[in-house]
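# Analysis of the macromolecular model
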Amino acid sequence: MNSLRVVCALTCFYLTSQVVSFGELITFDDLPSNQARVPNGYGGLSWTNFDYLQVSSYPGNPSGYQAGMISPGRVGFGFDATFPTSIFSVGPFNLDSAYLTAAWNYNLQLEVKGYAGTTLVYDNSYILSPVTPTLIQFNYSNVNEVDFLPFGGTHYSGYPSGSGEQFVIDNL
């Protein structure tokens, strides 16, 4: 009986110590409306201040939203650094890559921080274009929170109907 308890205890320890590996491509294309908040639980993650929109709903309004669309339909987006834009999970996960584009500004800076518990383990900055998506290879392992902090850049005159330090994300 004791050996059965040891096997059960070791099995439980093994299962609870494993990294959550969703292995899922998050495209935002299967979300239900034209524009809304990304719902918690989408892709197995929780989302703070992430919105999404259907790009075709804004045909006469050129922006980085159209430029940043990798898979047809919808893209996610986040706001400036005053609104914490984050993804997180109760258990650890890996963030491999994503396509990122500035919505309105040339040379938009995006700081991306990855946490394991409360410990900052990744802190990288990227420069984004409003006309060309950039594939960012994060390779963040065993994180439970990732914060996206966009700031700076200069307004792109080719997009006259909008402004701000927003970023577009697709195929996460």
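Data block above holds the structure.
The shown structure was predicted, so the numbers you read here are calculated from the model rather than taken from an experiment. (Residues numbered from 1 in each chain as written. Predicted model: local features only at pLDDT ≥ 70, side-chain atom pairs only at ≥ 80, totals over all residues. Heavy atoms only, no water.)

### Section: the side chain of Ser 86
Rules: Strands are runs of DSSP state E lasting at least 2 residues, helices are runs of H or I lasting at least 4, and numbering of each runs from the N terminus. Polar contacts, as counted here, are pairs of nitrogen or oxygen atoms within 3.5 Å of one another; within protein the pair requires one atom able to donate a hydrogen and one able to accept it, and residues that are adjacent in sequence qualify only if both atoms are side-chain atoms. Contacts between residues were defined by any pair of non-hydrogen atoms, one from each residue, lying within 4.5 Å.
You can see Ser 86 is positioned in strand S5 (residues 85-102). Only 2.6 Å separates the side chain of Ser 86 from the side chain of Asp 147, close enough to count as a polar contact. Here Ser 86 is in contact with Ser 46, Trp 47, Thr 48, Phe 50, Glu 145, Val 146 and Asp 147, once residues within four sequence places are set aside.

### Comments concerning the pairing of strand S7 (residues 108-116)
Quick reminder of the rule: The classification of residues rests on relative accessible area computed with a 1.4 Å probe and restricted to protein chains. Under 20% of the type maximum is buried, over 50% is exposed, and intermediate values are partly exposed. Strands pair, by our definition, only if DSSP identifies at least two bridges between them.
Where burial is concerned, most of S7 is hidden: 7 out of the 9 residues are buried. Of the strand pairs in this sheet, S7 and strand S8 (residues 119-128) are connected by 9 bridges, and their pairing is antiparallel. Each residue of the ladder has a partner; that of Ala 116, found in S8, is Thr 119. Where S7 hands over to S8, the hairpin turn is made up of 2 residues, of which Gly 117 adopts a positive phi near 65°. Relative to strand S9 (residues 134-151), S7 runs antiparallel, the two being bridged by 7 bridges. Looking at S9, one finds that Leu 110 is bridged to Pro 150.

### Observations concerning the environment of Ala 36
Note on placement: Ala 36 falls in strand S1 (residues 35-37). Sequence separation between Ala 36 and Phe 50 is 14 residues, and the spatial gap between their C-alpha atoms is 8.8 Å. The contact partners of Ala 36, leaving out residues within four places of it in the chain, are Asp 51 and Tyr 52.

### Comments concerning the packing of aromatic side chains
Definition in use: Pairing of aromatic side chains requires ring centres within 6.5 Å, counting the rings of Phe and Tyr and the six-membered ring of Trp. Pairs whose planes differ by under 30 degrees are stacked, by over 60 edge-to-face, and all others tilted.
This structure, assessed with the given rule, holds 18 aromatic pairs. Seen from their ring centres, Phe 50 and Phe 148 are 5.5 Å apart, and the 80° between their planes marks the pair as edge-to-face. Here Phe 50 is found in the loop between strand S2 (46-48) and strand S3 (51-54), whereas its partner Phe 148 is found in strand S9, with 98 residues between them in sequence. Accessibility assignment for this pair places Phe 50 and Phe 148 in one class, buried. Each member of the aromatic cluster is reached from another via a ring pair, and the members are Phe 28, Tyr 42, Trp 47, Phe 50, Tyr 122, Tyr 126, Phe 138, Tyr 140, Phe 148 and Phe 167.

### A look at the side chain of Asn 171
Structurally, the position occupied by Asn 171 is in the segment after strand S11 (167-170). Engagement of the side chain of Asn 171 in a polar contact is seen with the side chain of Ser 71, the distance being 2.9 Å. Those residues in contact with Asn 171 that lie beyond four places of it in its chain are Leu 25, Ile 26, Thr 27, Ile 70, Ser 71, Ser 97, Ala 98 and Tyr 99.

### What about the nonpolar core?
Definition in use: We call a set of buried residues a nonpolar core when its members are Ala, Val, Leu, Ile, Met, Phe, Trp, Tyr or Cys and they connect through side-chain atoms within 4.5 Å of each other.
Trp 47, Phe 138 and Phe 148 are the most contacted members of the largest nonpolar core, which totals 29 residues. Sorting the residues of this core by element identifies S5, S7, S8, S9 and S11 as the ones contributing at least two each. Those residues within four positions of Phe 138 in sequence are excluded, and the remaining contacts are Leu 95, Asp 96, Ser 97, Ala 98, Leu 100, Val 112, Tyr 126 and Phe 148. Of all hydrophobic cores here, the second largest spans 10 residues; its members include Val 75, Phe 77, Phe 79 and Trp 104.

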